[in-house]
Amino acid sequence: MSVFPLSDKYKAFMKHKARVEFLEGTTFAGKTTVGVVKFMLKVARSPKKLHVMAGLDLGTIEKNIIEKENGLQDVFGDLIEYNSKGKGNINLPHIIYKTPEGDKIIYVLGYDNASRWKKILGGQYGCVYVDEINVADIDFIREIIIRCDYLMGTLNPDNPDLDVYHEFINHARPIPPYEHDAPTELRRMLDGEPKDDWTWWYFSFEHNKTLTEAKKKQIVESLPKNTKIHKNKILGLRGRNHGLVFSTFDDRKHVLTKAELIEMLEDNEEKMTYFSSGLDTAYSSNSDDIIAMVFIAITDKGKLLILDEQVYNNKDGLQIAPSDVAQKYCAFLDKNCSEWDVFLKDVFIDSADQGTITELKKYKRKHACIYNFIDSYKKVTIYDRIVLERGWYHENSVFILDNCKVNIKERNVYSWNEKKDNTPEDANDHTINASQYAWIPYRDKIGINHKITQQRKGKK
């Protein structure tokens, strides 16, 4: 019998009782390996004799669940007997599972074969396990979930518009100890009406105690960045087929430490000549939208440098009001002006939030601060901003300091809206918007076009 170590979160999962459980997360997180063990233990305790295990097709279930290392045959050994072609009066593939409560029958079927899975309809089942439930026949899920006492589904994140999310997965919730132990992009999508006793779990590489650092590195480096499969399987985020907005952004090329930035500027005999800042606001305590402050610089050779960020989220219980933002934003500006030894006057605020702009101007009058709070210029459309930035990434004219963690994360997950042409998702964009407010007034000074303009002026 195979034995493998469990992380604390998997231990909590094994002990947790629920009627429906969904296990979502990165590839190689151990969801299937641990999930099927819990499923088998639930089967052993169930008063019912008949149960169901479903996957893409019979061969996939055999390879990925029954026969693999740490699979059912490894873990349960002689306690199970797999009959791929049926046996006796049971014509369907099935597992005979010897338990203290007597033999249990687990039907094994592929949801790719509707004619086969429809043969089990009409029965009542104790436990149902659905592997890769995100790609399962939605009609199968609708039928089987009402015919069982317990259902478990595993999945890697996928297109968030799939019916399986809206009808089932988004109605589940994480348990309190782990309700924040997942990317906010995923948690915000759990927006269906909560159903009693439906639990959602998020597992990643860090929860798989059998995964070595070398193997993790191999997995991460095997998939190309800025693709849907990388977003789904490595970042553990749902994403559409249209892919990432900033597909030319590469952490390895565009993210620097402060020391690396200073060295780069010295090597290029380059100076930071323009400084600016942007503020994007969102005050809701019922969403993951953030208040984002970003500080930038532009060099005399046309490079855009994103130097610092500060973010707040009222959902975390902070309850920040526009008057609070005024004080915090000025403190943010003071800190960066001092750190970079610069004098900054004009900063740019989300023009849609006149309440915050009013508070900033009140703060300026009361405290005599030096900053001019200017409405962001939005005649440069979101699409045009994206086109400009994509070009700058391609020519290596944008660099982000590694302390801007939210900005870096947003650029790795910001995706196109599948339902609208040339339109990104309204998500993962708050520090991106703030940085855009900051550079829009100086956009003609960034990138190759800036260099060409300067050359032409020099010839005159």
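In case you missed it, the structure is sitting above this.
The shown structure was predicted, so the numbers you read here are calculated from the model rather than taken from an experiment. (Residues numbered from 1 in each chain as written. Predicted model: local features only at pLDDT ≥ 70, side-chain atom pairs only at ≥ 80, totals over all residues. Heavy atoms only, no water.)

**Q** Can you walk me through the packing of aromatic side chains in this structure?
**A** Two measures describe an aromatic ring pair: the distance that separates the ring centres and the angle between the ring planes. Under the criterion given, the structure shown has 21 aromatic pairs. Considering the side-chain rings of Phe249 and Tyr393, the 5.4 Å spacing of their centres and the 65° angle between planes classify their relative orientation as edge-to-face. Taken together, the residues span a long stretch of sequence, with Phe249 in the loop between helix H10 (228-233) and helix H11 (251-254) and Tyr393 in helix H15 (residues 382-394) at a distance of 144 residues. Residue class for Tyr393 comes out buried when judged on its relative accessible area of 0%. Site record: aromatic cluster; members linked through ring pairs are Tyr10, Phe13, Tyr178, Trp201 and Phe203. Positioned above the aromatic ring of Phe13 is the side chain of Lys38, whose terminal nitrogen or guanidinium carbon lies 4.4 Å from the ring centre. Above the plane of the ring of Phe246 lies Arg411, whose end atom (NZ or CZ) is 5.5 Å from the centre. (Phe/Tyr/Trp six-rings, centres within 6.5 Å; stacked < 30°, edge-to-face > 60°. Helix = DSSP H or I, 4+ residues; strand = E, 2+ residues; numbered from the N terminus. Buried < 20%, exposed > 50% of the residue type's maximum accessible area, 1.4 Å probe, protein only. Lys NZ or Arg CZ within 6 Å of the ring centre and 35° of its normal.)

**Q** Looking at this model, I keep getting lost on unusual backbone geometry. Mind explaining?
**A** Leaving glycine out, the prevailing phi sign among residues is negative, and the prevailing peptide bond configuration is trans. The phi dihedral of Asp341 falls on the positive side, at around 55°, and the residue is not glycine. The topology assignment puts Asp341 in the loop between helix H13 (322-340) and strand E13 (346-349). Given a relative accessible area of 71%, Asp341 falls into the exposed group. Positive phi outside glycine occurs at Asn428, with the angle close to 55°. Structurally, the position occupied by Asn428 is in the loop between helix H16 (405-413) and helix H17 (430-439). Overall, Asn428 belongs to the buried group, its relative accessible area being 9%.

**Q** Where do I start with the state of the cysteines in this structure?
**A** Simply put, the disulfide is a covalent bond whose two ends are the sulfur atoms of two cysteines. For the structure shown, the criterion picks out zero disulfides. The cysteine Cys127 is free of any disulfide, with Cys148 supplying the nearest cysteine sulfur at 8.0 Å. Accessibility expressed as a relative area gives 3% for Cys127, which makes it buried. Its sulfur unpaired, Cys369 is 4.1 Å from the next cysteine sulfur, which belongs to Cys330. (Disulfide = S-S within 2.5 Å.)

**Q** Which parts of the structure should I look at to understand the sheet that holds strand E4 (residues 94-99)?
**A** Remark on secondary structure: sheet strands pair via backbone hydrogen bonds, oriented parallel or antiparallel. Spatial ordering of the open sheet is given by E3-E4-E5-E2-E6-E7-E1-E8, a layout of eight strands whose pairing is mixed. Sheet topology places strand E3 (80-83) and strand E8 (198-203) at the edges, where each strand pairs with a single neighbour. Within the sheet, the average angular offset between the axes of one strand and its neighbour, ignoring direction, is 15°. Here strand E2 (residues 50-55) runs beside strand E5 (residues 102-110); their pairing, made up of six bridges, is parallel. Counted as the bridge partner of His51 is Ile106 from E5. (Pairing = 2+ DSSP bridges. Axes fitted to C-alpha atoms, helices over the stretch in contact; angles between N-to-C directions.)

**Q** Looking at this structure, I do not really get the sheet that holds strand E11 (residues 291-299). What am I missing?
**A** An order of E9-E15-E12-E11-E10-E13-E14 is seen for the seven strands of this open sheet, with the pairing classed as mixed. One side of each edge strand has no neighbouring strand; the edge strands of this open sheet are strand E9 (255-256) and strand E14 (372-375). Across the sheet, H17 touches strand E10 (272-280), E11, strand E12 (304-312) and E13, and the angle it forms with E10 is around 135°. (Contact = heavy atoms within 4.5 Å.)

**Q** I tried to follow the packing of H16 against H17 on my own but got confused; where do I start?
**A** For any two helices packed against each other, one specifies the crossing angle of their axes together with the interaxial distance. Between H16 and H17, the least distance of the axes is 8 Å, while the angle of their chain directions is 105°. Here H16 lies roughly perpendicular to H17, going by the angle between them. Here Val406, Asn407, Glu410 and Arg411 of H16 come into contact with H17, specifically with His430, Thr431, Ile432 and Ser435. Counted by class, the contact of H16 with H17 contains two nonpolar, four polar and two charged residues. (Parallel < 35°, antiparallel > 145°, perpendicular 65-115°, else oblique. Nonpolar A, V, L, I, M, F, W, Y, C, P; charged D, E, K, R; others polar.)

**Q** Looking at this model, I keep getting lost on the pattern of salt bridges. Mind explaining?
**A** Note that side chains of opposite charge can pair when their charged atoms are close. Enumeration according to the criterion identifies 15 salt bridges in this entry. Between Asp181 and Lys9 there is a salt bridge; the shortest N-O distance is 3.0 Å. Of this pair, Asp181 sits in the loop between helix H7 (163-167) and helix H8 (184-187) while Lys9 is found in helix H1 (residues 8-15), placing the two residues 172 residues apart along the sequence. Using a relative accessible area of 4% as the deciding quantity, one classes Lys9 as buried. Across the pair Asp350 and Lys378 runs a salt bridge, and its minimum N-O distance is 2.7 Å. Highlighted residues: Asp350 in the loop between E13 and helix H14 (354-367) and Lys378 in the loop between E14 and H15, separated in sequence by 28 residues. (Salt bridge = Lys/Arg side-chain N within 4 Å of Asp/Glu carboxyl O.)

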